[in-house]
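Chain by chain, the residues:
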Amino acid sequence: MKKSLGQKLLGTWNTKTIVGVAVGAALFAVLMNFGGIKVTTNTSLTSAYIVPAIVGALFGPLPAALAAGLGNVLADLIGGWGFWFDWSLGNFVCGYFAGLFGAFGADIEDGKFAVKDAIIYAVLCIVGCALGFGVVTPVLTYAWYSSELTITWIQASAAIVSDASVLIIVGIPLLFALAKRNAKGTNLSKE
Amino acid sequence: MDDKLFITLVPGNTFLDRLTGKTKTRLFFLFIFMLVATWDIRVIIPCFVVSVIGLLSIKPDKKKNIAITIFVLLMNVFNLFLVWFIEPDYGLKMCGGSTVLFQFTDYFIVTSESLWYFGARLFKFMASFFFSLTFIQCITPSELAAGLHSIFVPYKICMVVSLAFRYIPDITRDFTNIKISMQTRGMELDSKKTKVGTRLKQYVLILIPLIITSFDRVGNIANGMDLRGFGKKKDKTYYAEHEDTKADKYLAIVVWILLACFIALVVKKTFFPGPYEVWCPWCL
């Protein structure tokens, strides 16, 4: 099935996508609370950032962004430590880019994920993290909380490094594994 | 691990529990947005008092709540210490004055304005923390969806939120089960005995089965929803939303008053900003 550019950028929206985003957000929230190692305050080396990559692979970039953003809000809610909407929106942007690699030819559901796609994915992840946590979060922190930017910068750079490394180091092998699992009939030829 | 989570699936029986999801959600978001918008201690302290009363009124589980409160308090104090460490004279920028109380070195001084700012900030963050703690413990996933729908969020997004909310306990249980079964096979997850790199690798080993089981569910749930006609109509009503009680009708007035206060705060902040962000009684 060929997808149009709009579908590639926004993802296909049907009941399955809605449930996928919900499960993704729940997974993000759980991993954010239990599956991480603290780095500095408010940031940790968490395995949660793998979720946008998976949701992006299965449903498209906008679902990935929603799963990351809503997941962060839910994580704040169930963890009970108060809200950080500036970080949630940073996650939203970061999640969008982490899920965008499907628009460049990779298709996890059909098992298409080559080395070229992995490189595109890695570049997108770095751009997304830098844009999300390096631009969106500090700007919003300043606008809403008019908080000190020095600490936000320290936290943001920690977040960029840790999240991008989780996305790349953990994400690429995982995406290869998922693509291999979904590959259908790769060794069959038409007679 | 389950007892660390704050999710109620069965509505309780206190005053706040009996309100409609609409009232709970509206009050909660208004208070949170008001706290985000202001640095004025004259607004923050009443909000703080309301949040504490709210939390006590739902008769929460004491042990769990005290533990998380202490944790959050320590984290906030540590954050404040970091601010002070990076810029000891922060009060000058925020309140517009620096009355030195005592000084360690020329750089590390303690000013009364900085302390005032830190106090305001601590109350602000603790108030928003108590509000979210109260909210999460008195609302069920379906009520949250109904409440979000009442503030004009598209119902598909509401569905995402309530579904996610509903699946968090399930996924937590799966996570615990996978972790325990990995540990019985000899995986060491103790932070003192293993290095960070090894631990991260081990989390990946937990992650793969967790992701596969979680996303395997998606097809089933989606089919179930489709069979019940989800997404066929433009709008949706909520079974969890009961009719307004008397308290809801009174609180609707409070909601309007709070909304007016919030708009007034934002207008004041945007169009008539004072010279300094934080109001401080002795340096006007």
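This one's a predicted model, so the numbers in the text were calculated from it and none came from an experiment. (Residues numbered from 1 in each chain as written. Chains lettered and ligands numbered in written order. Predicted model: local features only at pLDDT ≥ 70, side-chain atom pairs only at ≥ 80, totals over all residues. Heavy atoms only, no water.)

Let's talk about the overall build of chain A
Put simply, the rule is: Counting from the N terminus, the helices are the DSSP runs of H or I reaching at least four residues and the strands are the DSSP runs of E reaching at least two. Partly exposed residues are those whose accessible area sits between 20% and 50% of the maximum for their type, while under 20% is buried and over 50% is exposed, using a 1.4 Å probe and protein chains only. When checking whether two residues touch, look at their non-hydrogen atoms; a contact exists if any pair is within 4.5 Å.
Looking only at helices and strands, chain A has seven helices and two strands in total. Reading chain A from its N end, one meets helices and strands in the order α-α-β-β-α-α-α-α-α. The buried share among the 191 residues of chain A stands at 61%. Across chain A, contacts joining residues at least 24 apart in sequence account for 74% of those joining residues at least 6 apart.

Regarding the overall build of chain B
Stated formally: Residue burial considers only the protein chains on display, and all accessible areas are found by Shrake-Rupley using a 1.4 Å probe.
Across its full length, chain B holds ten helices and two strands. From first element to last, N terminus to C terminus, chain B shows the α and β order α-α-α-α-α-β-β-α-α-α-α-α. Of all 284 residues assigned to chain B, the portion counted as buried reaches 48%. Counting only contacts in chain B whose residues sit at least 6 apart along the sequence, the fraction spanning at least 24 positions is 77%. Accessible area of chain B: about 15500 Å², with a carbon and sulfur share of 67%.

What about the pattern of salt bridges?
All names here are of chain B. Note the threshold: Definition used for salt bridges: Asp or Glu carboxyl oxygen within 4 Å of a side-chain nitrogen of Lys or Arg.
Within this structure, the stated rule accounts for five salt bridges over all chains. A salt bridge links Asp170 to Arg166; its shortest N-O distance comes to 3.4 Å. Linking Asp170 with Arg166, this pair stays in helix H8 (residues 155–184), spanning four residues, or about one helical turn. Among the residues examined, Arg166 registers a relative accessible area of 35% and is labelled partly exposed.

Let's talk about a nonpolar patch on the surface
Residues and elements named next belong to chain B. Put simply, the rule reads: Distance thresholds for patches are 9 Å for like charges and 5 Å for nonpolar side chains (Val, Leu, Ile, Met, Phe, Trp, Tyr), applied to residues having over 30% relative accessible area and no salt bridge.
A contiguous nonpolar surface patch, about 670 Å² in accessible area, is contributed by Trp256, Leu259, Ile263, Val267, Phe271 and Phe272. Tracing the backbone shows Ile263 in helix H10 (residues 246–271). Residue Ile263 is classed as partly exposed on the basis of its relative accessible area of 46%.

Re the side chain of B:Lys24
Looking at where B:Lys24 falls in the secondary structure, it is placed in helix H2 (residues 21–37). Beyond its immediate sequence surroundings of up to four residues, B:Lys24 is in contact with B:Leu16, B:Asp17, B:Leu19, B:Phe135, B:Cys138, B:Ile139 and B:Glu143.

Describing the confidence of the model for chain B
As a general rule, the predicted coordinates of low-pLDDT regions are not to be interpreted in detail. Spelled out, the test is: The predictor rates its confidence in each residue with pLDDT, a number between 0 and 100.
In this model, chain B carries a mean pLDDT of 83, and residues with pLDDT of at least 70 account for 96%. Predicted confidence in chain B is weakest over helix H5 (residues 90–94) of chain B, with a mean pLDDT of 75, and strongest over helix H3 (residues 41–57) of chain B, with 91.

Some points on the packing of aromatic side chains
Remark: the centre distance and the inter-plane angle together describe each pair of aromatic rings, the angle taken between the planes. Basically, it comes down to this: For Phe, Tyr and Trp, where Trp contributes only its six-membered ring, two rings pair if their centres lie within 6.5 Å, and the inter-plane angle classes them as stacked under 30 degrees, edge-to-face over 60, or tilted in between.
All told, the structure shown has 19 aromatic pairs over all chains when counted by the stated rule. Judged by centre distance (5.5 Å) and plane angle (80°), the rings of A:Phe28 and A:Tyr49 are edge-to-face. Residue A:Phe28 is located in helix H2 (residues 15–34), and its partner A:Tyr49 is located in the loop between strand S2 (43–46) and helix H3 (50–59); the two are separated by 21 residues in the primary sequence. No difference in accessibility class separates A:Phe28 from A:Tyr49, as the two residues are buried. Where B:Phe48 meets B:Phe130, the ring centres are 5.9 Å apart and the plane angle is 55°; that geometry is what we call tilted. Here B:Phe130 lies in helix H6 (residues 112–138) and B:Phe48 lies in helix H3, a separation of 82 residues in the sequence. Given a relative accessible area of 10%, B:Phe130 falls into the buried group. By the ring-pair criterion, three or more aromatic residues cluster together here, those being B:Phe28, B:Phe29, B:Phe33, B:Phe135 and B:Phe262.

Notes on the nonpolar core
Where we set the bar: Put simply, a nonpolar core is a bunch of buried Ala, Val, Leu, Ile, Met, Phe, Trp, Tyr and Cys residues held in one set by side-chain atoms that sit within 4.5 Å of each other. Domain limits in this description derive from either an automatic procedure or a database domain assignment.
Core analysis: the largest hydrophobic core is formed by 133 residues, its most contacted members being A:Phe101, A:Leu167 and B:Phe215. Two domains share this core, each providing at least three of its residues, namely domain 1 (1–153 + 243–284) and domain 2 (167–216) of chain B. Non-local contacts of B:Phe215, meaning those with residues more than four positions away in its chain, are made with A:Gly20, A:Gly24, A:Leu27, A:Ile54, A:Val55, A:Leu58 and A:Phe59. With 14 residues, the next largest nonpolar core counts B:Leu80, B:Val83, B:Met94 and B:Cys283 among its residues.

What to know about the interface of chain A and chain B
We apply this condition: Accessible surface is computed with a 1.4 Å probe, and the buried area is the amount of it that two parts give up when combined, taken over both parts together. Under this definition, polar contacts are N or O atom pairs within 3.5 Å; protein pairs additionally need one hydrogen-donor-capable and one acceptor-capable atom, and for neighbouring residues in sequence, both atoms have to be side-chain atoms. Think of it as three bins: nonpolar holds Ala, Val, Leu, Ile, Met, Phe, Trp, Tyr, Cys and Pro, charged holds Asp, Glu, Lys and Arg, and polar takes everything else, Gly as well.
Opposite the 53 residues of chain A that make contact, chain B presents 64 residues. In terms of surface lost to chain B, no three residues of chain A exceed A:Ile18, A:Phe34 and A:Ile78, which account for 13% of the buried area on that side. Summed over the shared surface of chain A and chain B, the number is zero salt bridges. One can count one residue pair in polar contact (both at pLDDT 80 or more) joining chain A with chain B. At the level of elements, H2, strand S1 (36–40), H3, helix H4 (61–79), helix H6 (115–145) and helix H7 (149–182) of chain A are the ones that each hand at least two residues to the side of chain A that touches chain B. Looking at the side of chain A that touches chain B, the element that brings in the most residues is H2(A), giving 16 residues. Residue composition of the side of chain A that touches chain B, grouped by class: 35 nonpolar, 15 polar and three charged.

Points about the confidence of the model for chain A
Overall, the prediction assigns chain A a mean pLDDT of 77, with 80% of residues at 70 or greater. When pLDDT is averaged over each element of chain A, H2(A) comes out on top at 86 and S1(A) at the bottom at 56.

A word on helix H7 (residues 141–150) of chain B
All names here are of chain B. Along H7, nine of the ten residues are buried, which leaves the element largely enclosed by surrounding structure. For H7, the complete set of buried residues consists of Pro141, Glu143, Leu144, Ala145, Ala146, Gly147, Leu148, His149 and Ser150. Where H7 is buried, its residues contact helix H1 (15–18), H2, H6 and H8. Looking one or two residues past H7, Phe152 carries a phi angle of roughly 65°, positive in sign.

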